Amino acid sequence: MKINMDEVNYISKLAKLKLDNEEAKKMVKEFNSILEHFENLDNENLEDIDVNSFEDIKSVLRKDKNKKFNNTTKLFQNAKDTKDTYIKVPKIID
Amino acid sequence: MKINEMSVIELRENILSGKIKSEDVVKHYLDRIKKLDDKIKSYITICEEEALDKAKKIDSKIEQGEKVGKLAGIPIAIKDNICIDGIITTCASKILKDFISPYDATVVKKLKKEDAIIIGKTNMDEFAMGSSTENSAFGPTKNPWNLEKVPGGSSGGSAASVASGLAPFSLGSDTGGSIRQPASFCGVVGLKPTYGLVSRFGLIAFASSLDQIGPFTTNVKDCALLLEVIAGNDSYDSTSVQEDIERNYLSELNDNISDLKIAVPKEFMDEGLNDEIKEKVIKCLDKLEELGCEVEEISLPIVESGLSGYYIISSAEASSNLARYDGVRYGYRPDKFESIEDLMVKSRTEGFGKEVKRRIMLGTYVLSSGYYDAYYKRALKLKKKIRDEFKKAFEKYDIVIGPTSPMLPFSIGEKTDNPLDMYLADIYTVTINIAGLPALSLPCGFSESELPIGIQLIGDHFAESKLLKTAFALEQSLDIQTKNPNCKEVI
């Protein structure tokens, strides 16, 4: 067993997902078979590989430019609850 | 010849010369969709009014002799994770079921500039996570060759719409095989371009370091044409290609391929590969030898571990990308909630489907403290190794060839209870995304059960031209276009 109920419940908390008991149990089972498959990484020799070298990658930057954005209606068209130019959510700080 | 049997290039000639009106082409496709898509379910949204409006405008432009774009008046279907201004973009998820995109993706802008007509948005696995299009919140798409079978995924709707003559061509996205595998299952051409060749701006992110948009067409020529239109640098996507890339894909299609060296990784032809698929791939290799190519077997021992690496990296990136869906600014929000935490948890729990939750959980797990080094960091190292292995192969060879999928299209429901089994469907395609290479799935025949089989051609970074001309030569010699049983008559 690579993963148990407690761990699945802990991960679901981190991911902001609520799993009921049945779902969590099923996920433990599925995860164990997936993680078992991941063991084939053990067969790879990855010793000398440096993940922090980026010799063939260039960073791409551009200058910030001011642009006036007028279409606020469009910006808020997908918000569920608004007041003026604010999006309404429940109280965040008590 | 019926309109839906014409290639994009033929449609283009007929529309430009005034022989056929764009309005008639659009109407023809809309009629077919109305008549047939109840069975296939390849579309989520149909853009009827907008499409007819645009068609009329283009017809009058052509009548008056005005200059029109490369794809003038030709309808195209777009996967529902690519944003179109003013149109609902759902990602086949309940969480985005009423999300109206406020802008165009760069590929859509480019299509509009060339006067293509967007006819609808196609079905997919939710957030592009899946290999069968069964994970859609709007129900599964069916394989046009056999309605009991899956069309592959995640771009199953885009593949099925083209295969069944409900669109002359379409766009999909490919993170681990999501264009190539459905192309293979539906018997159409599907290309995943080099990472960075096509802008991802406006493509709703699944795994940003692997995602790439690409075309579905009935033939290689149309694929070359569509790629010419959508490729190129975009200042809105910093990972898009910075140099000016030559894009003469169409004019270079007929170039000679007799000096090409082709490699076949023995690991791609090993145990686990369906016999009929293997036989068809070998037949293609013989054809390429007849055409003068040199074909050699090589070893690329990264197939099994590549699949693990892929599911670790893609799930990790997905868990981070999908953290934005919290019910605050847009997307699904429950009617009742008690606190901000409750709002977020309920929005996500009620809005996401099973597979998406599984990937978010898996991604959160491999990134969490104590497991990061064991899984995520090792997967990143493997990514470098896979890239190097392919680079080494491309020092000696021009094209790497193997099957697209280890299995024939499977039955609807067959693999939904076993996620690992479903993941294994991607075993030959995921390593290509990890290496950022271009790859094309070409129809190469049929099984005894009359299901399509695809062969996968893999090229070096930005070697799309070589890839397309090889695929074109093979397509011509296989004569698959004329020998296909006409699936449009099956339905």
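Scroll up to find the structure this text is about.
1. Considerations on unusual backbone geometry
Where the residue is not glycine, phi is negative for most of them; where a peptide bond is considered, it is trans in most cases. All names here are of chain B. Residue S154 follows G153 across a cis peptide bond; omega there is 10°. Within the secondary structure layout, S154 lies in the loop between β3 (117-122) and α5 (156-163). One non-glycine residue, K41, lies in the positive phi region at around 60°. You can see K41 is positioned in the loop between α2 (22-40) and β1 (43-46). Relative accessible area serves as the criterion here: at 36%, K41 is assigned to the partly exposed category. We note that D115 has phi near 65°; this positive angle belongs to a residue other than glycine.

2. Here we look at empty space enclosed by the protein
All names here are of chain B. A complete count under the given rule lists one cavity of 30 Å³ or more for this structure. Around the largest cavity, the lining comprises 13 residues; the ones closest to its centre are G130, G176, S178, Y310 and D426. Of the residues in the lining of the largest cavity, the class split is four nonpolar, seven polar and two charged.

3. Re a negative patch on the surface
Where like charges cluster on the molecular surface, the negative patch consists of D50, E55 and D56 of chain A together with D388 of chain B. Inspection of the secondary structure assignment puts D388 of chain B in helix α12 (residues 372-396).

4. Notes on the side chain of N14 of chain B
As for its placement among the helices and strands, N14 of chain B is situated in helix α1 (residues 8-16). When neighbours within four sequence positions are excluded, N14 of chain B is seen to be in contact with M6, K19 and I20 of chain B.

Thresholds, definitions, all that
Residues numbered from 1 in each chain as written. Chains lettered and ligands numbered in written order. Predicted model: local features only at pLDDT ≥ 70, side-chain atom pairs only at ≥ 80, totals over all residues. Heavy atoms only, no water. Helix = DSSP H or I, 4+ residues; strand = E, 2+ residues; numbered from the N terminus. Buried < 20%, exposed > 50% of the residue type's maximum accessible area, 1.4 Å probe, protein only. 1 Å grid on protein atoms, 1.4 Å probe; cavity = no way out; pocket = protein on both sides within 12 Å on 5 of 7 lines; lining within 4 Å. Points joined across faces, edges and corners; volume = space filled by probe spheres on them. Nonpolar A, V, L, I, M, F, W, Y, C, P; charged D, E, K, R; others polar. Patch = residues over 30% accessible without salt bridge, like charges linked within 9 Å, V, L, I, M, F, W, Y side chains within 5 Å. Areas by Shrake-Rupley, 256 points an atom, 1.4 Å probe, with all protein chains shown as cover. Salt bridge = Lys/Arg side-chain N within 4 Å of Asp/Glu carboxyl O. Lys, Arg positive; Asp, Glu negative; His and termini not counted. Charge placed at Lys NZ, Arg CZ, Asp CG, Glu CD. Contact = heavy atoms within 4.5 Å.

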